[in-house]
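# Architecture at a glance
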Amino acid sequence: MRAALALGLSAVLASCSQPDDLGPSVDESAAGDESGASEGTPLAVETREGPVSATVSLMPPAPRLGDPLVLTLLVTAKSGVAIEMPAFGEALGRFAIIDFAPREEAASDGVLFTQRYTLQAPTSGRHRIPRLRVEFLDERDPDADRKAKELLTDELAFTVASVLPEGQPLSELRPARGSLVELQGSWLRHHWPWLVLVLVVAVGLVVGVAGWLRRAEERARLTAFDRAVARLERLAERGLPTADAADAWYVELSDIVRRYIEERFALRAPELTTEEFLVEAGRSAELTAAHGELLSAFLATCDRVKFARYSPGEEESQQALDEARRFLDETAVTRDEPAGASRATRPATQVAEAG
């Protein structure tokens with residue numbers, strides 16, 4: 001009975017007189033009632049234990065779902081009292097911790113410890129900040145009990161408002177959409193004409209591009225023959241070469257045939273040596289063995305003049321010019337036959353008629 005009276009008297013004295021160095025006093029019951037808190041006043045509860053005072057506050061007092069919650073634990077202790085603050089995130093596992101800032105500073109008659117958390121509530125509705133534990137050891141009296149004590153803060157209840165417009169019942173929310181199969185079937189029923197149109201256009205584009213590429217290849221093969229013949233005629237108009245001009249004349253004659261082969265048969269003729277070129281030419285289905293022998297003899301004559309300083313006579317130069325004409329004529333693509341079919345691959349009767 002005597003102990004109860006002493007406890008009651010201590011509470012009355014504490015409420016009437018509070019030391020300035022322990023920080024501002026907050027009415028626990030009024031601070032814990034969130035309904036009476038204004039928009040700018042934080043929700044707060046204060047707890048005391050001996051020489052230690054702890055205040056837990058929360059801002060904003062009326063949060064909505066998604067608002068950051070600033071939770072502050074403020075602990076004030078007398079000089080000579082050792083304080084151990086709660087471990088990071090202790091008892092706050094239900095909230096997502098976005099930020100944390102601890103701080104310690106001197107007060108007028110003691111030390112001020114602060115832990116500031118920025119939290120995120122998982123759902124709307126009623127929540128609470130659980131009791132936080134602060135351990136302390138009073139080292140001011142060497143004869144007193146040296147056992148550490150603890151202070152447990154009171155819970156702080158608050159409500160997180162929903163983001164739905166005020167007064168809107170949940171029954172007004174749109175119902176869940178149908179299954180994926182149902183949605184696909186509905187979408188196809190309404191859009192199949194456009195799908196067919198897109199498919200037709202795509203097929204048309206592919207066919208058109210393929211045809212254009214085929215015609216472009218045919219035009220290139222026809223043009224290759226026309227260019228080679230024009231160059232060959234200009235070379236013939238200059239006349240057969242003299243001994244001094246034989247080198248340049250045979251270089252031009254060889255280049256005419258090589259570039260024609262490159263464009264006509266898609267061979268890298270100008271970049272290859274004579275031996276490499278003959279190997280590549282032998283792989284073409286449009287060049288016969290006879291053409292290979294003709295090219296081999298023709299290119300061998302040109303190389304002898306270019307690299308061995310051989311001086312051919314007029315009869316030999318005329319024969320080289322005739323061989324070049326013959327090769328162009330026998331491998332040309334005519335305008336009334338598809339690309340890829342040359343005189344070398346047509347029946348012998350057609351070759352005779354074309355000649």
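Preceding block: the structure.
Residues numbered from 1 in each chain as written. Predicted model: local features only at pLDDT ≥ 70, side-chain atom pairs only at ≥ 80, totals over all residues. Heavy atoms only, no water.

Spatially, 5 strands are ordered S1-S2-S3-S6-S5 in an open sheet, and the strand pairing comes out antiparallel. Edge positions in the sheet fall to strand S1 (43–49) and strand S5 (96–107), since each has one partner strand and no second. When the angles between neighbouring strand axes are averaged without regard to direction, this sheet yields 10 degrees. Two strands pair when backbone bridges link them, and S1 and strand S2 (residues 52–59) are joined in this way by 7 bridges, in the antiparallel orientation. Counted as the bridge partner of Val45 is Val56 from S2. (Pairing = 2+ DSSP bridges. Helix = DSSP H or I, 4+ residues; strand = E, 2+ residues; numbered from the N terminus. Axes fitted to C-alpha atoms, helices over the stretch in contact; angles between N-to-C directions.)

Taken as a whole and judged by the stated rule, the model has 6 aromatic pairs. Taking the centre distance of 5.0 Å and the plane angle of 70 degrees together, the rings of Phe88 and Phe100 count as edge-to-face. Highlighted residues: Phe88 in the loop between strand S4 (81–84) and S5 and Phe100 in strand S5, separated in sequence by 12 residues. Looking at Phe100, the relative accessible area reads 24%, which means it is partly exposed. Aromatic rings pair up to connect Phe88, Phe100 and Tyr117 into one cluster. Across the ring face of Tyr310, the terminal group of Arg304 is positioned such that the distance to the ring centre comes to 4.3 Å. (Phe/Tyr/Trp six-rings, centres within 6.5 Å; stacked < 30°, edge-to-face > 60°. Buried < 20%, exposed > 50% of the residue type's maximum accessible area, 1.4 Å probe, protein only. Lys NZ or Arg CZ within 6 Å of the ring centre and 35° of its normal.)

A word on helix H4 (residues 246–265). Because the α-helix completes a turn every 3.6 residues, residues three or four places apart line up on one side. The terminal C-alpha atoms of H4, which comprises 20 residues, lie 28 Å apart, in line with the 28 Å expected from a rise of 1.5 Å per residue. Remark: Ala266 follows H4 within two positions and exhibits a positive phi of approximately 60 degrees. (Expected span 1.5 Å × (residues − 1).)

Turning our eyes to something else, we now look at the packing of H4 against helix H7 (residues 314–331). As a packed pair, H4 and H7 sit with axes 11 Å apart at the nearest point and diverge in direction by 10 degrees. By the angle class used here, H4 and H7 are roughly parallel. Taken together, the residues of H7 that come into contact with H4 (itself represented by Trp249, Tyr250, Leu253, Val257, Tyr260, Ile261, Arg264 and Phe265) are Glu316, Ser317, Ala320, Leu321, Ala324, Phe327, Leu328 and Thr331. For the contact of H4 with H7, the per-class residue count stands at 12 nonpolar, 2 polar and 2 charged. (Parallel < 35°, antiparallel > 145°, perpendicular 65-115°, else oblique. Contact = heavy atoms within 4.5 Å. Nonpolar A, V, L, I, M, F, W, Y, C, P; charged D, E, K, R; others polar.)

What follows is about the environment of Pro86. Structurally, Pro86 is set in the loop between S4 and S5. Judged by its relative accessible area of 7%, Pro86 is buried. Taking the C-alpha atoms as reference points, Pro86 and Leu73, separated by 13 residues in sequence, lie 9.5 Å from one another.

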